[in-house]
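Close look at the chain arrangement
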Amino acid sequence: MSYGAELGEVRAALMSLPGVRDAAVHAARHAPGGPRIVAHVVTRTPPAELRAALRSRLPSHLLPARVHRVPYIPLLPDGRTDHRALAALTAAASDTASTPGESRWAAASVPVTPQQRALLPHALAHRGTGRFVQQLHWRWHGPLDTGRFTAAWQSVFAHESVLRAAFDGDHKPRMVLHEHVRAEVVRHAAGSVDFDQLTARDRLRGFDLRCPGLLRLHLVDEAAPHGGDPPSVRILLTFHTLALDDWSVAVLLEEFYRAYLAGGRLPGGERRPDHRDYARWLTGQDTAPARDFWSSTAPGTTALIRPGTPGPATGLSGYGRAETRLGAGPAGRLRAWAASHACTEAGALQAAWALLLYRAGATAGPALVGFGVSVLGRGVAVDFVERLPGLLANTLPMTVRVDPGAPVARLLADLRDQALEMAAYEWVSLEQIGAWSGRGAGDELLESLVVFEHRRRGSATLRSALAAQGIGVTPPRPAGTPTVLPVTLQARRDADDGLHLSAVHDRARLADDDAARLVGQCARLLRELPHLAGGAATVSDALAALADEPPAAMAGAPAATATGAPT
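Okay, so let's go over this structure. (Residues numbered from 1 in each chain as written. Predicted model: local features only at pLDDT ≥ 70, side-chain atom pairs only at ≥ 80, totals over all residues. Heavy atoms only, no water.)

Once that is clear, we can look at empty space enclosed by the protein. Going through the model one piece at a time under the given rule, you end up with five cavities of 30 Å³ or more. The space that makes up the largest cavity amounts to roughly 90 Å³. Lining the largest cavity are 14 residues, and of these Ala123, His126, Arg127, Gly128 and His240 lie nearest its centre. Classifying every residue of the lining of the largest cavity gives six nonpolar, six polar and two charged. (1 Å grid on protein atoms, 1.4 Å probe; cavity = no way out; pocket = protein on both sides within 12 Å on 5 of 7 lines; lining within 4 Å. Points joined across faces, edges and corners; volume = space filled by probe spheres on them. Nonpolar A, V, L, I, M, F, W, Y, C, P; charged D, E, K, R; others polar.)

Moving on, we come to the nonpolar core. General note: in soluble globular proteins, nonpolar side chains tend to be found buried as a group. By size, the foremost hydrophobic cluster in this structure holds 80 residues, and its most contacted members are Trp294 and Trp353. Here this core gets 11 residues from one element, more than from any other, and that element is helix 11 (residues 345-360). Each residue touching tryptophan 353, except ones within four places of it in the same chain, is listed here: Pro307, Phe371, Ser448, Val450, Val487, Leu489, Leu518 and Cys522. Among the nonpolar cores identified, the runner-up in size contains 60 residues, and Ala108, Val110, Leu244 and Leu266 belong to it. (Core = buried A, V, L, I, M, F, W, Y, C linked by side-chain atoms within 4.5 Å. Buried < 20%, exposed > 50% of the residue type's maximum accessible area, 1.4 Å probe, protein only. Helix = DSSP H or I, 4+ residues; strand = E, 2+ residues; numbered from the N terminus. Contact = heavy atoms within 4.5 Å.)

Here we take up the pattern of salt bridges. Applying the stated criterion across every chain, the model contains 20 salt bridges. Between aspartate 221 and arginine 187 there is a salt bridge; the shortest N-O distance is 2.8 Å. Of the two residues, aspartate 221 sits in strand 10 (residues 215-221) while arginine 187 sits in strand 9 (residues 184-188), which places them 34 residues apart along the sequence. You can call arginine 187 partly exposed: its relative accessible area is 31%. Across the pair arginine 517 and aspartate 514 runs a salt bridge, and its minimum N-O distance is 2.7 Å. Taken together, the residues arginine 517 and aspartate 514, both in helix 15 (residues 512-528) and three residues apart, mark about one turn of the helix. When its relative accessible area of 30% is taken as the criterion, arginine 517 is described as partly exposed. Look at the salt bridges and you will find they share partners, linking Glu184, Asp202, Arg205 and Arg216 into a network. (Salt bridge = Lys/Arg side-chain N within 4 Å of Asp/Glu carboxyl O.)

Attention shifts here to unusual backbone geometry. Phi angles above zero are rare outside glycine, and phenylalanine 384 is one such case at about 60°. Here phenylalanine 384 shows up in the loop between strand 14 (367-375) and strand 15 (394-402). Although it is not a glycine, aspartate 497 adopts a positive phi angle of roughly 70°. You can see aspartate 497 is positioned in the loop between strand 19 (487-493) and strand 20 (499-506).

Spelled out as structure tokens, the structure:
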């Protein structure tokens, strides 16, 4: 028997059968009478029915001699089947009729990603605080059938393994992808709950990472409007950041709308990327080039990372948000100025933030500054990665030299070049980068994060199809998500082509007035940068725009709460 090709043909035949989630096939070489094919299948279908169905798909010599049902197919770190673990599962599992616990069976077990491994202990330690929980909310105008809505989400859960994920193990954690998970959708009658209180309560409820189903929804009916307008429903979607990122949720929402339009069942047939594809790609990566790059890019030398000058304890708690806006005119000039230096407005935002970090450091000469940047993490060689739900977005450290006598154009170019170089290694976790740079456990790599939102564009076709059924939906917006780092600076283009800025901050580190001062000074720099005297303007020239304002003050980090694991 040519083991590779024939066994692959048997597995392909098994995977083509309805109800089969996963399969592994091997040849028992020392069986009486010569090698025999043995199959292990994740399914609810009885083994006898599987063998009967295979007779019409395979020649007789390729029919498995034995078919075992197992809860999942265990994998080795390199993506191959773990045959020793599979043998143990086979001994423990039953090949007979389904049991009440079968709905919790798992379809696969894969190693966690480097980023998940770094975040998992922090997420477990902060359970019940809402710190690793994100929420989106939007309005649904027009008719909403609860049963159809729930069925559509259930169909998405059935198609996307990451929605059936849980985490298992402490020292060698794995992500277990369960076979079936019930989508949690709760509808509240108009006036029965306060939406803001529901949002806060659901965030603090959090998730048990050992149980699958790390996304849930609440529907809150609003009072009927006057004038005969259609009623609206406010929708709250809550998810755990260890399983999904914002881009992934946008992908899932598109799938949900397609399923809802189709009567509650997601149309299939197209190639669907799976988290297992990403896990296998990760296990094949050589970390040596990434280690070389990050050990030089994020050196152990101390950088200026605090966006405020040292200040006293604030005496405050919780999270705050300071906001401001550049109108369409200033935002347009900023984009044109950045483009004239072969950069984007995101690069200009990073330059402004680097200037603020340098200013807060109160140093006279050249110095390194460091802050986090958010990347989508989808520049990897995985087929259809743009449609892959999971935690691919990542925070990476940006360390750049700020020289008061050097041109601002040089700072922009350095930031741009570093962003291009780090794109090849954006799958590496901050934990790994910190270790490679020689930092100790208590030596923080960064204390702020700069996020320029890159939202997945909604489908005009889906919006038109919904409108044809009398349905209109508003774009989802974040529901007061806290920051893991002391300060997260967020920027996005708004509907009027302006630039909206917000600083989400830990109030124990940064008082509300200082957060407002910080985001206001960032906006002021962004307005002033395009007016500098061409390419010769220096960093000192740019900082002169803030000469009449004191820097923001920032309290030190309590040792017990310091963390190096931002999302």
